[in-house]
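Spelled out, the chains give:
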Amino acid sequence: GFTMPTFEQSETRGRTLRNLGYYFGVSDYWDALLSADFFEKRGLLYRGKLRYKKRYNFHGDLRAEYSPRDLSSGEKRDRWSLKVNHYQTISPDQNFSVSGSFFSDRQYGSDLYANIEDRVRQKINSSARYQIRWPESRNSLNVNANSWQDLTNGEYNIKLPDVSFSHSSRQLFPFAGGSKKWYHSINYSYNSRLLNEINHDLVVDTDTLQVYEDTERRGIEHRASISASQKIFKYFSLSPSINYNEIWVDRTQAWNATSQELEEVETLAARRTFSTSLSARTTVYGVFPARIGALRSIRHKMDPTIALNYRPDFSDRFWGYYETYEDTLGAVSYTHLTLPTIYSV
């Protein structure tokens, strides 16, 4: 059926009818809405919205707008927007989703939207994600692509690909029956991430000049941990753990003695760090007699815990990640990271 429009009036666009359209209830799986905004002095803005859903399988929507004229100036100019959302369950252990917003120009939202929240929103995001899990092996894989753009200055950021792998905690020596040994409580986990990131940044912005800088960063991160919770002296739980982190990148920093500055150098480099921890825990119960009405006693529980954590000072020259340089006069010293500069990995 027809939708009820709303009436507005302004000096630049004249009398306006918004959301004059027709709704199509096509089936149990999808519907559509076609509508238009009529501006007395500027022309028409066409809209379309499509929604679909199949239970336990997929759902999504598609929204589009188009105007053959600039509604601010009245000049002939194609302006449009497109928004997409889709989510699909491929299997119980796989799913896929995608969402995105696209505009013909930066000023589209501020010029055409009537809602104040839409008019002031100047950052748009788009993303796609594929997830798969292998429950028996406790492995999972996420493949992502993300981007955002600032409509006010044209800056944007793209993360493609962004791949994460996870192997959740499990026994290092599986228990197969019989008497349980101390080493059966040793668990390990592993996570990794590969990331490629592209940035388009505005570095000079004047009335007559805009200069952008394009940078691309990439790296791979590995995280592994081992933990073992043991019962000691019958009443105490002792939990030691070791965490290891390693990052690979394709560029690092080096000191240029001629220019007396740090410079980026394209070369494969890695940084390895680790930390350890040890915690002890026990549980204490107590019962206090109390005679208040039907109440006869109060039971309380305490879990005192003590923990020790250790992480080396990796800025120490012993580890080889930091070095000190002096200028030609020997007056100023510089300390910097000689192995990889870590970005957003």
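Quick summary incoming for the structure in this document. (Residues numbered from 1 in each chain as written. Predicted model: local features only at pLDDT ≥ 70, side-chain atom pairs only at ≥ 80, totals over all residues. Heavy atoms only, no water.)

Glancing now at the pairing of strand β5 (residues 58-69). The sheet contact formed by strand β4 (residues 43-54) and β5 spans nine bridges and is antiparallel. Bridge pairing in β5 places R51 opposite D61. Counting the residues that bridge the hairpin from β5 to strand β6 (residues 76-91) gives six residues, and of these G74 lies at a positive phi of roughly 85°. (Pairing = 2+ DSSP bridges. Helix = DSSP H or I, 4+ residues; strand = E, 2+ residues; numbered from the N terminus.)

Attention shifts here to the packing of aromatic side chains. Taken as a whole and judged by the stated rule, the model has ten aromatic pairs. Here F274 and W319 contribute two aromatic rings whose centre-to-centre distance is 6.0 Å and whose plane-to-plane angle is 70°, an arrangement assigned as edge-to-face. Taken together, the residues span a long stretch of sequence, with F274 in strand β15 (residues 261-282) and W319 in the loop between β18 (305-310) and β19 (322-326) at a distance of 45 residues. The exposure class of F274 is partly exposed, given its relative accessible area of 30%. Given the relative accessible area of 31%, W319 is considered partly exposed. An aromatic cluster of at least three residues, connected via ring pairs, comprises F274, F314, F318 and W319. When the ring centre of W148 is taken as reference, the NZ or CZ atom of K123 above it lies at 5.1 Å. (Phe/Tyr/Trp six-rings, centres within 6.5 Å; stacked < 30°, edge-to-face > 60°. Buried < 20%, exposed > 50% of the residue type's maximum accessible area, 1.4 Å probe, protein only. Lys NZ or Arg CZ within 6 Å of the ring centre and 35° of its normal.)

A few words on the pattern of salt bridges. Following the criterion strictly, the structure yields 15 salt bridges and no others. R79 is the salt-bridge partner of D105, the closest N and O atoms lying 2.6 Å from each other. Placement of the pair is D105 in the loop between β7 (94-103) and α1 (108-112) and R79 in strand β6, with a sequence separation of 26 residues. On the basis of relative accessibility, which here comes to 0%, the residue R79 falls in the buried class. Linked by salt bridges that have partners in common, R18, D37, R47 and E65 make up one network. (Salt bridge = Lys/Arg side-chain N within 4 Å of Asp/Glu carboxyl O.)

Next up on the list: the environment of N153. Along the chain, N153 falls in the loop between β9 (139-150) and β10 (156-171). Spatially, the C-alpha atom of N153 lies 9.2 Å from that of Q210, the residues being 57 residues apart in sequence. Discounting chain neighbours no more than four positions away, the residues touching N153 are R106, L202 and Y212. (Contact = heavy atoms within 4.5 Å.)

Before going further, it helps to examine the side chain of R47. Assignment of secondary structure puts R47 in strand β4. A polar atom in the side chain of R47 sits 2.9 Å from the side chain of E65. For R47, the residues in contact, after removing those within four places along its chain, are R18, N19, L33, L34, S35, D37, A64 and E65. (Polar contact = N/O pair within 3.5 Å; in protein donor to acceptor, adjacent residues only side chain to side chain.)

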